[in-house]
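Geometric and topological summary
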Amino acid sequence: MKKMSSLKAILFCLGVITLCITGTTAFANDGGTADPAALQQWQSNRFGMFIHFDPCALTGQEISWSRAGKRPDRNENPTDGTPAAEYDELYRQFNPSNFDANAWVNIAKDAGMRYMVFTAKHHDGFAMFDSKLTDYKITNTPCHQGGVALGFYYSPPDWHHPDFFTTNQARYNTYFHGQVRELLSNYGRVDELWFDMDGGINTPQTWDNESLFPMIRALQPQILITKRCGGWGDFNTPEQRIGRYDDKTPWETCMTLGRQWSWKPDDDIKSASDVIHILATCIGGDGNLLLDVGPMPDGRIEPRQVDVLKQVGDWLNQNGESIYGTRGGPWKPSKGLASTRKDNIIYVHILNQKSDTIELPAIPRQIVTASLLNGGKVGFRNHDKTLILTIPRAQLSADDTVVKLTLDRSAMDLPPMDLLDNFKAASK
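Please read all numbers here as calculations on a predicted model, not as lab measurements.

So, on to the environment of A120. Within the secondary structure, A120 sits in strand β4 (residues 115–121). The sequence separation of A120 and V180 amounts to 60 residues, and the corresponding C-alpha distance is 9.7 Å. Those residues in contact with A120 that lie beyond four places of it in its chain are F126, A127, M128, F129, F152, Y153 and L183.

See below:
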């Protein structure tokens, strides 16, 4: 394949941020323990960009899943979609001449995203990095810059590799482990490894995790790993849905801005308000949000997607203190409300502006002050085990009205509370 100078930086101009904090206790199922400081920083970052991009963008169809042919791990052999022989040759036409790594990074930063996860290899087996173990790849010489933390998506399944899920699985695992070693050895600091295998036979033995995970931890001690490779790893990954409140096991919702992971012409995309609601609800549930964009075949992120992300970034510029560095709760999220907290402050996210009176279960704390994050006044009183907040109707936002409650002592040890049916959360 001809080298593409436009892709010279496709991996590491995405950049990385220096992590230098101390933190909480982290747990991994097996294969070592996540670095507590790295986990705390990852949770503090809260909002990241997922990028699905490879030659399938030429078809406008879904990455990997539009490839017809054998899927041995799933015991499937679909005939609809792009025939495998044709799909596997798309890379010969793939020339994203308008790719600009700095533009991708700037789009993410302008959206308020603090980390990026790039698809290094999806189920179709195509390597979006300069792997020495295959010719089915983009040939490039990565570099490093940017200012956001970097992660890689890597699919253990490989529907292109002849040894995958055969009697030669051990030989395939040598290839698989070798590519992971390349990713974690040749491109500087990597903060997240997004394994993706959640169907079929998926055990630690399938992937030889006893060899794989110690290698990963040795190469990148700070790295965090999804629990999608034989169940080992550091955090859960609800897909295309918002995870339930969980402040014990770290989690990250992965969700598309449009209807599929890779680029689709004229796709229906979420509005900025939709994204803000999803983000606030994820953080309110004590999770992260990894929002996916699929660049177009020429390497650009579609302008209307950029516009949505910029609007989200503008909102975060005004309200970011209620998102970054916070934990979820104490009130568990509902359709109309979410809450986040940090030190002695609770942020109440009102996601439905139909009422100027909010009723919540009372908390065993004294509220010292209550205000809108933009500085407007909020009335508050306790009545019959109910906290009543009153916001001027003119101050309610269609996106997310954030109320800042300053308490007389820490909010961090308050137990999480359900919003019962008889409590009103901006739902009149």
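Once the structure has been displayed, the description carries forward.
Of the residues in the chain, 88% have a pLDDT of 70 or more, and the chain-wide mean is 88. Predicted confidence for residues 1–29 stays below pLDDT 50, and this span has 115 contacts to residues more than four positions away or in other chains. Overall, residues 139–145 carries pLDDT values under 50, and its contacts beyond four positions in sequence, including any with other chains, amount to 33 contacts.

For the rest of this paragraph, the subject is the nonpolar core. Counting 64 residues, the largest nonpolar core has F47 and M49 as the members making the most contacts within it. Considering each element in turn, this core owes the most residues, 7 residues, to helix α6 (residues 272–284). The contacts of M49, once residues within four sequence positions are left out, are I107, A108, M113, Y115, M116, V117, L290, L291, V293, I301 and L309. Y154, V180, L212 and W232 belong to the second-largest nonpolar core, a separate cluster that totals 28 residues.

So, on to the sheet that holds strand β16 (residues 386–390). The 3 strands lie next to each other as β13-β16-β15, forming an open sheet whose pairing is antiparallel. In this open sheet, the two edge strands, each paired with only one partner strand, are β13 (357–361) and β15 (379–383). When strand polarity is set aside, the average angle formed by the axes of neighbouring strands in this sheet is 20°.

What follows covers the environment of D384. Checked against the element boundaries, D384 lands in the loop between β15 and β16. Sequence separation between D384 and P361 is 23 residues, and the spatial gap between their C-alpha atoms is 9.5 Å.

The next point concerns the environment of D35. With respect to the helices and strands, D35 occurs in the segment before α1 (36–45). You can call D35 partly exposed: its relative accessible area is 30%. For the pair D35 and I223, spaced 188 residues apart in the sequence, the C-alpha separation amounts to 7.4 Å. If we ignore the near neighbours within four places in the chain, the residues touching D35 are P221 and Q222. A polar contact is formed between the side chain of D35 and the backbone nitrogen of A38, at a distance of 2.8 Å.

Looking now at the sheet that holds strand β7 (residues 224–225). With parallel pairing, the 7 strands of this open sheet are ordered in space as β7-β6-β5-β4-β1-β9-β8. The strands lining the two open edges of the sheet, one partner per strand, are β7 and β8 (252–256). Where strand β1 (residues 47–51) and β4 come together, 4 bridges link them in parallel fashion. Bridge pairing in β4 links F50 to V117. Strands β1, β8 and β9 (288–293) of the sheet are contacted by α6, whose axis makes an angle of about 150° with β9.

What counts, and at which threshold
Residues numbered from 1 in each chain as written. Predicted model: local features only at pLDDT ≥ 70, side-chain atom pairs only at ≥ 80, totals over all residues. Heavy atoms only, no water. Helix = DSSP H or I, 4+ residues; strand = E, 2+ residues; numbered from the N terminus. Contact = heavy atoms within 4.5 Å. pLDDT = per-residue confidence, 0-100. Core = buried A, V, L, I, M, F, W, Y, C linked by side-chain atoms within 4.5 Å. Buried < 20%, exposed > 50% of the residue type's maximum accessible area, 1.4 Å probe, protein only. Pairing = 2+ DSSP bridges. Axes fitted to C-alpha atoms, helices over the stretch in contact; angles between N-to-C directions. Polar contact = N/O pair within 3.5 Å; in protein donor to acceptor, adjacent residues only side chain to side chain.

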